Every structure is written in structure tokens, then in C-alpha cells.
Amino acid sequence: MEQLREVIKRLLALCEEVGLYPNYQKLAYVQEYIYLGQLILFTDRAAKEVQRRLALGWIKLLSLRQIMKGKSIDLKRQVSDSCISSVVTFGCQAWSLTIAQQRKLQV
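Quick notes on the rules
Residues numbered from 1 in each chain as written. Predicted model: local features only at pLDDT ≥ 70, side-chain atom pairs only at ≥ 80, totals over all residues. Heavy atoms only, no water. Helix = DSSP H or I, 4+ residues; strand = E, 2+ residues; numbered from the N terminus. Rg over C-alpha atoms; globule rule 2.2 N^0.38 Å. Buried < 20%, exposed > 50% of the residue type's maximum accessible area, 1.4 Å probe, protein only. Contact = heavy atoms within 4.5 Å. Areas by Shrake-Rupley, 256 points an atom, 1.4 Å probe, with all protein chains shown as cover. Lys, Arg positive; Asp, Glu negative; His and termini not counted. Charge placed at Lys NZ, Arg CZ, Asp CG, Glu CD. Polar contact = N/O pair within 3.5 Å; in protein donor to acceptor, adjacent residues only side chain to side chain. Expected span 1.5 Å × (residues − 1). Arc of directions from axis to C-beta.

Let's talk about the overall build of the protein chain
Part 1 of the reasoning: Of regular secondary structure, the protein chain possesses five helices and two strands.
Part 2 of the reasoning: Computed over C-alpha atoms, the radius of gyration of the protein chain comes to 23 Å, more than 25% over the 13 Å expected from 2.2 N^0.38 for 107 residues, which places it beyond the range of a compact globule.
Part 3 of the reasoning: Taken over the C-alpha atoms alone, the protein chain extends approximately 75 × 30 × 20 Å along its principal axes.
Part 4 of the reasoning: Buried positions account for 16% of the 107 residues belonging to the protein chain.
Part 5 of the reasoning: Counted over contacts in the protein chain with a minimum sequence separation of 6, partners at least 24 positions apart contribute 40%.
Part 6 of the reasoning: Of the roughly 9100 Å² that the protein chain leaves accessible, carbon and sulfur atoms contribute 60%.
Part 7 of the reasoning: Taking the average place of the 16 positive charges on the side chains of the protein chain and the average place of its 9 negative ones, the gap between the two points comes to 14 Å.

Right, dumping it as C-alpha cells:
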């Protein structure tokens, strides 16, 4: 027990040297969180991530509604490919999808 206290004292001293100050708050356990734009959870990750990404795509589409109301088909296609598709498919390389989820993502 004394060794543990000594290790903790050394750790705190090293932290203070580099400007880190622990706040001694207990960490909360959460079922899911978003880290670097990806939904992190322990069960059924792909299904929730696909739903979340599709919702983000709709939000992006609605934010660009003035452009989408225009007459230029080429501009609409460029905006869709560059803005909306990238929001929906961000991080999709790590997804393992079912056939139903793949169908939801098809254009």
C-alpha cells in the first residue's frame, strides 16, 4: 500500500511539471458517445450509426435548400456529391452492414 501511495505521489508531481492537474472526479459510465465524429457504443453500432448518419445527411440537405431549389442540375449534383454524401458516408469503412442497412444507404 505504501508503494502505491509513493507511485501516486510521483505521478502527481510529474503531472504538475507538465501542467496537468487532476480534478479527482469520478468518471461516468455511458452507453454511447461520439468521438471524432463516430458513434461509439457496445451493441448494434452499425444500425445506430447508419440512422445517425442519414439524419445528419437530411440536416445538411435542409441547410442547403436554397441551392437545391435552383434550376441547375449540375450544381445540385455537385453539392450532393461533395456535401451530403460525404456527411452520410463519413467513417463508413469501419461499418459492417446488413443488406437492409446497405439498401438504406443506396442512392
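With respect to the environment of Phe90
Part 1 of the reasoning: Its place among the elements puts Phe90 in the loop between helix H4 (73-89) and helix H5 (99-105).
Part 2 of the reasoning: A residue is classified by how much of its surface remains accessible, and Phe90, at 41% relative accessible area, is partly exposed.
Part 3 of the reasoning: Counting along the chain gives 37 residues from Phe90 to Arg53, while the straight-line C-alpha distance between them is 8.0 Å.
Part 4 of the reasoning: Other than its neighbours up to four places away in sequence, Phe90 contacts Leu36, Gly37, Gln38, Arg53 and Trp95.

Describing the side chain of Glu49
Part 1 of the reasoning: Take Glu49: it is sitting in helix H2 (residues 45-63).
Part 2 of the reasoning: Within the structure, the side chain of Glu49 is placed 3.2 Å from the backbone nitrogen of Leu39, a separation counted as a polar contact.

Observations concerning H2
Part 1 of the reasoning: For H2, which comprises 19 residues, the first-to-last C-alpha distance of 27 Å matches the rise-based estimate of 27 Å (1.5 Å per residue) to within 8%.
Part 2 of the reasoning: Among all positions in H2, only Ala46, Ala47, Glu49, Val50, Arg53 and Gly57 are buried. Projected onto a plane normal to the axis of H2, the buried residues spread over an arc of 165 degrees and lie on a single side. When the buried face of H2 is taken as reference, the exposed residues oriented beyond 90 degrees from it are Trp58, Ile59, Leu62 and Ser63.
Part 3 of the reasoning: The secondary structure elements touched by the buried residues of H2 are strand E2 (38-41), H4 and H5.

All we've got here are geometric facts, nothing functional implied.
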